[in-house]
Amino acid sequence: MFSPLRLTALAALLSSGIALPVSAADVAVGKQAEQQLRNIATWFPGRMVGSPAELLTADYLQQQFSNMGYQSNKRDFHTRYQYHYQDGHTAWKNVTGTSVIAAREGSAPQQILVVAHLDTWSPRSDSEVAHNLGGLRLQGVDDNAAGLGVMLELAQRLSQTPLHYGVRFVALSGEEIGQRGSADYLARMSEAEKKNTLLVINLDSLLTGDTLYFSSGRHTPAAVARQTRDRALALARRHGIGASSHQLAKNDYQADNAFDAAGFPLLDVRATNWTLGKKDGAQQRRTSSHFPQGISRHQTERDNLSYLDRWLPGRIALRSRDSVKILLPLLNELANPQPQKES
């Protein structure tokens with residue numbers, strides 16, 4: 001929980017223009033992603049939509065992107081969600097979410113979106129509060145500081161690279177209450193932006209799951225899937241990284257990605273295990289005494305640095321490195337396509 005003193009100190013830190021350290025580009029691959037993940041989880045637990053921690057996280061992300069040379073801004077949006085009380089009544093909670101967008105234009109008008117949600121789980125009921133799901137103490141390491149960390153390292157390493165197609169990094173809030181940040185972003189896109197968006201790469205929950213998956217959206221053309229999903233798997237094999245893919249289906253867990261539903265080509269990147277449970281991707285790993293449900297998602301006592309470092313030793317560093325090792329060359333290739341040689 002943030003004390004008033006801690007909130008004041010963090011606000012002063014951010015408003016003064018002093019950022020937490022950003023690693024140099026020549027640091028080992030994945031180190032910056034891990035560092036940023038740990039910074040975000042440590043300094044900004046309880047990043048629930050509309051909370052002080054969420055707003056401070058947005059300030060931090062905008063500052064990081066600006067320091068890298070990106071055009072960056074925050075976008076507020078008003079939304080609400082239902083809360084169920086123990087006595088049986090239900091009420092709406094009105095909140096203001098804050099998303100962060102950072103962009104570098106290319107020489108062509110087309111763009112690639114790299115998306116990760118910045119908010120942690122907002123409890124929807126007294127029962128969830130009683131079971132330590134979400135809330136002010138949830139660090140949200142797997143879900144989704146890991147995605148933000150990888151996003152920031154990709155942005156840093158691409159910050160000086162010439163681009164043919166532009167790249168836009170989008171940290172969305174309100175995802176844990178029904179993809180409200182995605183809906184807001186889509187509603188603000190012009191017809192030209194929609195037409196010129198070639199691909200959306202979604203980064204979510206990269207740590208706890210048994211396997212790192214690169215999966216195409218349900219509305220992604222086969223030719224795009226070959227250039228994105230299949231290319232990611234080829235890069236994983238080149239680096240000796242265990243990775244797989246799954247064709248997303250209507251009844252899969254979190255299959256209702258808003259960008260996919262809107263018709264954008266999608267590459268979904270997450271760690272889970274599609275062979276377990278209902279085989280819908282909801283169960284992230286095999287059950288054990290430390291992960292009795294096979295998940296850490298939304299669980300305050302498990303989705304934190306201390307627990308994951310203890311029971312999945314080395315996993316944070318490994319997945320940070322593996323994710324960047326695959327996604328960085330993939331993004332470079334997609335943003336700077338080579339002309340096809342004549343046969």
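The preceding data block contains the structure.
Now for a look at the structure at hand. (Residues numbered from 1 in each chain as written. Predicted model: local features only at pLDDT ≥ 70, side-chain atom pairs only at ≥ 80, totals over all residues. Heavy atoms only, no water.)

1. Observations concerning the packing of aromatic side chains
Here's step 1: Under the definition given, this model contains 10 aromatic pairs.
Here's step 2: Aromatic pair Tyr185 and Phe259: ring centres 6.1 Å apart, planes at 55°, arrangement tilted. One end of the pair, Tyr185, is in helix α6 (residues 180–188); the other, Phe259, is in helix α9 (residues 258–261), with 74 residues separating them in the sequence.
Here's step 3: Given the relative accessible area of 2%, Tyr185 is considered buried.
Here's step 4: A connected cluster of aromatic rings, assembled from ring pairs, spans Phe65, Tyr70 and Phe169.
Here's step 5: Its guanidinium or amino end placed over the ring of Tyr83, Lys93 lies 4.3 Å from that ring's centre, counting from NZ or CZ. (Phe/Tyr/Trp six-rings, centres within 6.5 Å; stacked < 30°, edge-to-face > 60°. Helix = DSSP H or I, 4+ residues; strand = E, 2+ residues; numbered from the N terminus. Buried < 20%, exposed > 50% of the residue type's maximum accessible area, 1.4 Å probe, protein only. Lys NZ or Arg CZ within 6 Å of the ring centre and 35° of its normal.)

2. Re the side chain of Ser323
Here's step 1: Note on placement: Ser323 falls in helix α11 (residues 315–335).
Here's step 2: Polar side-chain contacts of Ser323 include one of 2.8 Å to the backbone oxygen of Arg319. (Polar contact = N/O pair within 3.5 Å; in protein donor to acceptor, adjacent residues only side chain to side chain.)

3. A look at the pairing of strand β1 (residues 71–84)
Here's step 1: Both β1 and strand β2 (residues 90–104) contribute to a ladder of 14 bridges, which runs antiparallel. In the sheet register, Gln71 faces β2, and the bridge partner there is Ala103.
Here's step 2: Between the antiparallel neighbours β1 and β2 lie 5 residues, among them Gly88 with a positive phi of about 105°. (Pairing = 2+ DSSP bridges.)

4. Regarding empty space enclosed by the protein
Here's step 1: Applying the stated criterion across every chain yields a total of 2 cavities of 30 Å³ or more.
Here's step 2: Taken as a whole, the largest cavity encloses approximately 90 Å³ of empty space.
Here's step 3: What lines the largest cavity is Asp204, Ser205, Tyr253, Gln254, Arg270, Ala271, Thr272, Trp274, Asp280, Gly281, Gln284 and Arg297.
Here's step 4: Forming the boundary of the second largest cavity are Leu248, Tyr253, Gln254, Ala255, Asn257, Asp260, Leu266, Asp268, Arg270 and Trp274.
Here's step 5: Per element, the largest residue contribution to the lining of the second largest cavity is 3 residues, and it comes from strand β8 (residues 266–272).
Here's step 6: Considering only residue class, the lining of the second largest cavity consists of 5 nonpolar, 2 polar and 3 charged. (1 Å grid on protein atoms, 1.4 Å probe; cavity = no way out; pocket = protein on both sides within 12 Å on 5 of 7 lines; lining within 4 Å. Points joined across faces, edges and corners; volume = space filled by probe spheres on them. Nonpolar A, V, L, I, M, F, W, Y, C, P; charged D, E, K, R; others polar.)

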